[in-house]
Amino acid sequence: MDYFTVEIAGRAVASFRSKNDEEATHFFEAEDFRDDLTILESEGKPLWDRKATLSLRKATAEEASEVEDAYEFDDDPERTIDDEFVVFLVPVEDLIDEGEDTED
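Every residue gets a number counted from 1 within its own chain, in the order that chain's sequence is written. Restriction of local features to residues with pLDDT of at least 70 applies here, the model being predicted, together with a cutoff of 80 or more for giving and counting side-chain atom pairs; totals for whole chains, interfaces and linings are based on all residues. Only hydrogens and water are set aside; all other atoms, that is, all heavy atoms of the structure, feed into the side-chain values.

Further remarks concern the sheet that holds strand 3 (residues 40-42). Between any two strands, at least two bridges found by DSSP are needed for them to pair. Counting from the N terminus, the helices are DSSP H or I runs at least four residues long and the strands are E runs at least two residues long. In spatial order, the strands read 4-3-7; together these 3 strands make up an open sheet with antiparallel pairing. Either end of the sheet is taken by a strand with one partner, and the two such strands are strand 4 (45-46) and strand 7 (93-94). Pairing analysis gives 2 bridges linking strand 3 to strand 7, with the strands arranged antiparallel. When the bridges of strand 7 are listed, Leu 40 appears paired with Asp 94. For this analysis, residues touch if any pair of their heavy atoms sits within 4.5 Å. Every axis corresponds to a line fitted to the C-alpha atoms, with the helix fit spanning only the stretch in contact, and the corresponding angles, defined between N-to-C directions, vary from 0 to 180 degrees. Seen against the sheet, helix 2 (residues 31-39) touches strand 3, strand 4 and strand 7 and runs at an angle of roughly 45° to strand 3.

Here we come to helix 2. Buried within helix 2 are the following residues: Phe 33, Arg 34 and Leu 37. For helix 2, the angular spread of buried residues about the axis comes to 100°, placing them on one side. Structurally, helix 2 contributes buried residues whose contacts are with strand 1 (2-8), helix 1 (21-29), strand 3, strand 4, strand 5 (54-58) and strand 6 (86-88). Any residue under 20% of the maximum accessible area for its type is buried, any over 50% is exposed, and the rest in between are partly exposed; the area is computed with a 1.4 Å probe on protein chains only. In this description, the arc belongs to the directions extending from the helix axis to the C-beta atoms.

The next point concerns helix 3 (residues 61-72). Residues lying three or four places apart along an α-helix face the same way, a consequence of the helix completing one turn every 3.6 residues. One less than the residue count of a helix, multiplied by 1.5 Å, gives the span that helix is expected to have. Taking 1.5 Å per residue as the helical rise, helix 3 with its 12 residues ought to reach 16 Å, and the 16 Å between its terminal C-alpha atoms agrees with that figure. Where helix 3 is concerned, the buried positions are Glu 63, Ala 64, Val 67 and Tyr 71. Each buried residue of helix 3 lies within a common arc of 100° when the element is viewed along its axis, so the set occupies one face. Turned more than 90 degrees away from the buried face of helix 3 sit Ala 61, Glu 62 and Glu 72, all of them exposed.

Any functional reading would require information that these geometric values do not contain.
This is the structure:
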């Protein structure tokens, strides 16, 4: 497995592992993933505004360690090593979940 990091405007925001460069690029370019980046918020702003430069690179050793630590403590018994598993390197909130909570 290789580890990759997504940067937005030069800021590392998320890391994940993938079998190879091709699969990592496929995940990175997926519209669902990119949509998630516009829904998730950090420090009161969406992670990505669809205008800032979005890039993919190999993860640093520290970023890879973050992914491994998160995977190790994941409590989903059905998750396998082949499942997509993204670790955000910045604090995030899901704007959709917040809206759903306030409707009760």
